[in-house]
Amino acid sequence: MLAKQTPLTKQMLSKLLQISSSKPKQLKKIHALVLTSGFSIKNSLLTQLLENLTLVGDMCYARKVFDEMHKPRVFLWNTLFKGYVKNKLPFESVLLYKKMRDLDVRPDEFTYPFVVKAISQLGVLASCGFAFHAHVVKHGFETLGIVATELVMMYMKFGELRSAQFLFESMQGKDLVAWNAFIAVCVQTGNSALALECYNKMCADDAVLFDSFTVVSMLSACGQLGSLEIGKEVYDRARREGIDCNIIVENARLDMYLKCGSTEDARVLFEEMEQRNVVSWSTMIVGYAMNGDSEEALALFNMMQKEGIRPNYVTFLGVLSACSHAGRVDEGKRYFGIMARSSDKSLEPRKEHYACMVDLLGRSGLLEEAYEFIKSMPLEPDAGIWGALLGACAVHREIKLGQKVADVLVETAPDIGAYQVLLSNIYAAAGKWDCVDRVRSKMRKLGTKKVAAYSSVEFEGKLHYFNRGDKSHPQTKAIYEKLEEILKNVRSMGYVPQTGSVFHDVETEEKECSLSHHSEKLAIAFGLINGRGEDPIRVMKNLRTCDDCHVFAKFVSRLTSRDIIMRDKNRFHHFRNGVCSCREFWFLINKTWIWQQIVKLWFHTYAVRCLKQRDSIK
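Here the structure is a predicted model, which means the values were calculated and not measured.

Please explain the overall build of the protein as it appears in this structure.
Helix and strand content of the protein: 31 helices and six strands. When burial is assessed residue by residue, the protein has 49% of its 618 residues classed as buried. Summarising the internal contacts of the protein: among those between residues at least 6 apart in sequence, 65% fall at separations of at least 24. Per element, the accessible surface of the protein, about 30,700 Å² overall, is 53% carbon and sulfur.

Here it is, written out as structure tokens:
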């Protein structure tokens, strides 16, 4: 490596470390040179060596170098902590902190953030998180921004919303990093309403100016909430204040438009973007699939390939989803085969892709094939994959297989009540009320709770929420009056409540009353009262919309000549002139009933046309 007659110097060894910073074998050779060169073990060379070893991920050798040091400084302890966290070795990081305490080495303000991150990676709040927080308080570091911010993020990750909020609000002199971290973690944990509230407080604090990171987080939050107006306002403000709206911001804006159901705005933005990367293309493909425009999603995928943009695993997720929503089984199988046979490891099918294939087969009624597909998977199927099959069993009223899948889910995901609810609904749809009672009794014993359904609609930059039978809104009286008026009109057009959507053993009249006050209907009535005539009504539902509300929305769109855009747990439904973008593909429970409704709607349209012609003759 060096001529024998040339004496080694610290400068030469330091230069070698810089050159070999990404080569583990060379770093070990340099370590041997340091040990045999006669330099003091306390010099900066070992510090530099330790940092390089953590960067290349050789934590075993890094720990060996560290253990050879005599009374290493806190900075070196922190370097090792950082390496463990970076290389996803949280348990070793916690053990290192214990050793640090046993040796009576006092941590500094940089130690705690790394250990908090390790505890978050471990997922052990009760056994480690609370105790470590006590250590932070004991040493007086809780009020420091960098430490408090990591503690807030830890509590948010564990779902301890109140603790996180209390800590964040207690922080003195919050800087932009703290605000951005809290807003980002709110969005990542699905607390977008809290992120919006935090953003408004941040804007009210004139001492803090937001940046592009804030904009990306807020656009993501607006996408989750379906808040198109607020998203546009956030972006417009960013432009006015001269914030760099780079490709990351534009991609987030693209995603926001699509998650709000505004595919037209998204396409205009996509075409106007000066720079587009694989994220831009994938976002559009996934967005089109989610909005039910499978043709456009697949056309865009072909265009992407022609332009030489290499698709990634997210792109294929969108393609498979598009095939699923359009019922293109053979095409979906072909694309999945391309992924499975690809030599590119990054395109190897993940669990999300397998779930898409199960959904594709299940939607098409190929339930046994979907079941065999799961059994032949090289990966261990998770709750999402089994849940996709159970959902298909619910749609097709396949009780025997549904029971089998539900038994698997009880073992793999006992805490997720949605699957037990699905099984209960399968039994209810078949009129097996004794089985319904048995499932619900089991849920009560396990303490499993059903997620409450709600719908939201945006008006003048504010989100309005509705539950079933909700009477808490200031406009309750007007909303219910409007709803009764609409129900009367759509019944005259042929709408008949589908009481099969009520999974309780009660009389038909009671079922109809229950259906008439669903959250989607209240949200639509609110939108008709307050929205402008030419604007679409955008309704966001946290669960899947029921069959009856789906049909109701079709009739209302025809009656009022208003577009209704409804996003539920699974996809978008764009209603226009009595037709839904899903093309009834998802709605397979009772095809005879569907055709009855279509015929009634056609006859009503024909009758109206005849009356208009008669009036014109007069």
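Read on for the rest.
Is there a simple way to explain the UniProt feature "repeat: PPR" (unreviewed entry) in the protein in this structure?
Here, the residues flagged by UniProt with the feature "repeat: PPR" (unreviewed entry) are residues 73–107, 211–245 and 277–311. Spanning residues 73–107, this segment combines 74% helix with 0% strand, and its end C-alpha atoms are found 10 Å apart. Annotated as 74% helix and 0% strand, the span residues 277–311 places its first and last C-alpha atoms 10 Å apart.

Could you clarify how one ought to interpret the pairing of strand β1 (residues 454–459) in this entry?
A regular strand carries its side chains on alternate faces of the sheet. Note: β1 against strand β2 (residues 462–467), six bridges, orientation antiparallel. Of the residues in β2, the one forming a bridge with tyrosine 454 is asparagine 467. The turn joining β1 and β2, which pair antiparallel and follow one another in sequence, is formed by two residues; a positive phi near 55° is taken by glutamate 460. As judged from the three bridges shared by β1 and strand β3 (residues 537–541), these two strands associate in the antiparallel manner. Note on β3: the bridge partner recorded for serine 455 is lysine 541.

Would you explain the packing of helix α4 (residues 59–67) against helix α5 (residues 74–86) in this entry?
How two helices pack is summed up by the angle between their axes together with the distance between the axes. At a minimum axis separation of 11 Å, α4 and α5 run at an interaxial angle of 165°. By the criterion of interaxial angle, the relationship of α4 to α5 is roughly antiparallel. Along this stretch, α4 crosses α5, giving a crossing that reads as left-handed. When α4 is examined against α5, the residues Met59, Ala62, Arg63 and Phe66 are found in contact with a partner set consisting of Leu76, Trp77, Leu80, Gly83 and Tyr84.

Help me understand the sheet that holds β3, please; the structure alone is not making it clear to me.
Each strand in a sheet pairs with its neighbour through backbone hydrogen bonds, running either in the same direction (parallel) or in the opposite one (antiparallel). Taken in spatial order, the six strands make up an open sheet running β2-β1-β3-β4-β5-β6, and their pairing is mixed. At either margin of the open sheet sits one strand with a lone partner, and together these are β2 and β6 (579–580). Pairing between β3 and strand β4 (residues 564–567): four bridges, direction parallel. Paired with valine 539 across the two strands is methionine 566, which belongs to β4.

Is there a simple way to explain the state of the cysteines in this structure?
Within the structure shown, the criterion is met by zero disulfides. As a non-bridged cysteine, cysteine 580 has cysteine 582 as the owner of its nearest cysteine sulfur, 3.4 Å distant. What makes cysteine 580 buried here is its relative accessible area of 3%. On the basis of relative accessible area, cysteine 582 is assigned to the buried category, the value being 1%.

Any chance you could explain the pairing of strand β5 (residues 572–576) here in plain terms?
Counting buried positions along β5 yields four of five residues, so the element is predominantly enclosed. Relative to β5, β4 runs antiparallel, the two sharing four bridges. Paired with methionine 566 across the strands is histidine 573, a residue of β5. Between β4 and the antiparallel strand that follows it, β5, lie four residues. The turn joining β5 and β6, which pair antiparallel and follow one another in sequence, is formed by two residues; a positive phi near 50° is taken by asparagine 577.

Looking at this structure, how should I read unusual backbone geometry?
Leaving glycine aside, a negative phi is the common case for residues, and trans is the common case for peptide bonds. Of note in this structure, aspartate 104 is not a glycine but carries a positive phi near 60°. Of note, aspartate 104 is situated in the loop between α6 (90–102) and α7 (111–122).

What should I look at first to understand the side chain of histidine 473 in this one?
Mapped onto the secondary structure, histidine 473 falls in the loop between β2 and α27 (476–492). Separated by 2.9 Å, the side chains of histidine 473 and histidine 464 make a polar contact.

I keep staring at the packing of helix α29 (residues 519–530) against helix α30 (residues 547–560) and nothing clicks. Help me out?
In the contact formed by α29 and α30, the axes pass within 10 Å of each other and the chain directions differ by 20°. What the angle tells us is that α29 and α30 run roughly parallel. As α29 runs across α30, the sense of the crossing is right-handed. For the pair α29 and α30, contact is made by Glu520, Lys521, Ile524 and Leu528 and by Asp548, Cys549, Phe552, Ala553, Val556 and Thr560, respectively. Here the contact of α29 with α30 is composed, by residue class, of six nonpolar, one polar and three charged.

Would you take a moment to explain helix α22 (residues 367–375) for this structure?
Working note: α-helix, 3.6 residues per turn, so residues spaced by three or four point in the same direction. Along α22, the residues classified as buried are Leu367, Ala370, Tyr371, Phe373 and Ile374. What you see down the axis of α22 is that its buried residues fit within an arc of 160°, all on one side. Exposed positions of α22 whose direction lies more than 90 degrees from the buried face are Glu368 and Lys375. Structurally, α22 contributes buried residues whose contacts are with α20 (329–341), α21 (351–363), α23 (383–396) and α24 (399–412).

Which parts of the structure should I look at to understand a negative patch on the surface?
Negative charge collects at one region of the surface, where Glu229, Glu233, Asp236 and Glu460 lie side by side. Looking at where glutamate 233 falls in the secondary structure, it is placed in helix α14 (residues 228–240). Exposure remark for glutamate 233: the relative accessible area of 52% places this residue in the exposed category.

Would you mind going over the packing of aromatic side chains with me for this structure?
Aromatic ring pairs are described here by two measures, namely the spacing of the ring centres and the angle between the planes. If you walk through the whole model with that rule in mind, you get 20 aromatic pairs. Note on phenylalanine 66 and tryptophan 77: the rings are 4.9 Å apart at their centroids and 80° apart in plane angle, and the pair reads as edge-to-face. In this pair, phenylalanine 66 is assigned in helix α4 and tryptophan 77 in helix α5, connecting sequence segments eleven residues apart. For the ring pair phenylalanine 459 and phenylalanine 526, a centre distance of 6.2 Å and an interplane angle of 85° mean the geometry is edge-to-face. Highlighted residues: phenylalanine 459 in strand β1 and phenylalanine 526 in helix α29, separated in sequence by 67 residues. Exposure remark for phenylalanine 459: the relative accessible area of 22% places this residue in the partly exposed category. A relative accessible area of 1% means that phenylalanine 526 is categorised as buried. Here the aromatic residues Tyr97, Tyr112, Phe132 and Phe141 are joined through ring pairs into a cluster of three or more.

Help me out: how do you make sense of the pattern of salt bridges in this one?
Think of it this way: side chains of opposite charge can pair up when their charged atoms draw near. If you walk through the whole model with that rule in mind, you get 24 salt bridges. Between arginine 237 and glutamate 241 there is a salt bridge whose closest N-O contact spans 3.0 Å. The exposure class of glutamate 241 is partly exposed, given its relative accessible area of 39%. Lysine 333 serves as the salt-bridge partner of glutamate 369, at 2.8 Å between the closest nitrogen and oxygen.

Criteria and thresholds
- Residues numbered from 1 in each chain as written.
- Predicted model: local features only at pLDDT ≥ 70, side-chain atom pairs only at ≥ 80, totals over all residues.
- Heavy atoms only, no water.
- Helix = DSSP H or I, 4+ residues; strand = E, 2+ residues; numbered from the N terminus.
- Buried < 20%, exposed > 50% of the residue type's maximum accessible area, 1.4 Å probe, protein only.
- Contact = heavy atoms within 4.5 Å.
- Areas by Shrake-Rupley, 256 points an atom, 1.4 Å probe, with all protein chains shown as cover.
- UniProt positions renumbered as here; feature names shortened; annotations may be inferred.
- Pairing = 2+ DSSP bridges.
- Axes fitted to C-alpha atoms, helices over the stretch in contact; angles between N-to-C directions.
- Parallel < 35°, antiparallel > 145°, perpendicular 65-115°, else oblique.
- Left-handed = near helix turned anticlockwise from the far one by under 90°.
- Disulfide = S-S within 2.5 Å.
- Polar contact = N/O pair within 3.5 Å; in protein donor to acceptor, adjacent residues only side chain to side chain.
- Nonpolar A, V, L, I, M, F, W, Y, C, P; charged D, E, K, R; others polar.
- Arc of directions from axis to C-beta.
- Patch = residues over 30% accessible without salt bridge, like charges linked within 9 Å, V, L, I, M, F, W, Y side chains within 5 Å.
- Salt bridge = Lys/Arg side-chain N within 4 Å of Asp/Glu carboxyl O.
- Lys, Arg positive; Asp, Glu negative; His and termini not counted.
- Charge placed at Lys NZ, Arg CZ, Asp CG, Glu CD.
- Phe/Tyr/Trp six-rings, centres within 6.5 Å; stacked < 30°, edge-to-face > 60°.

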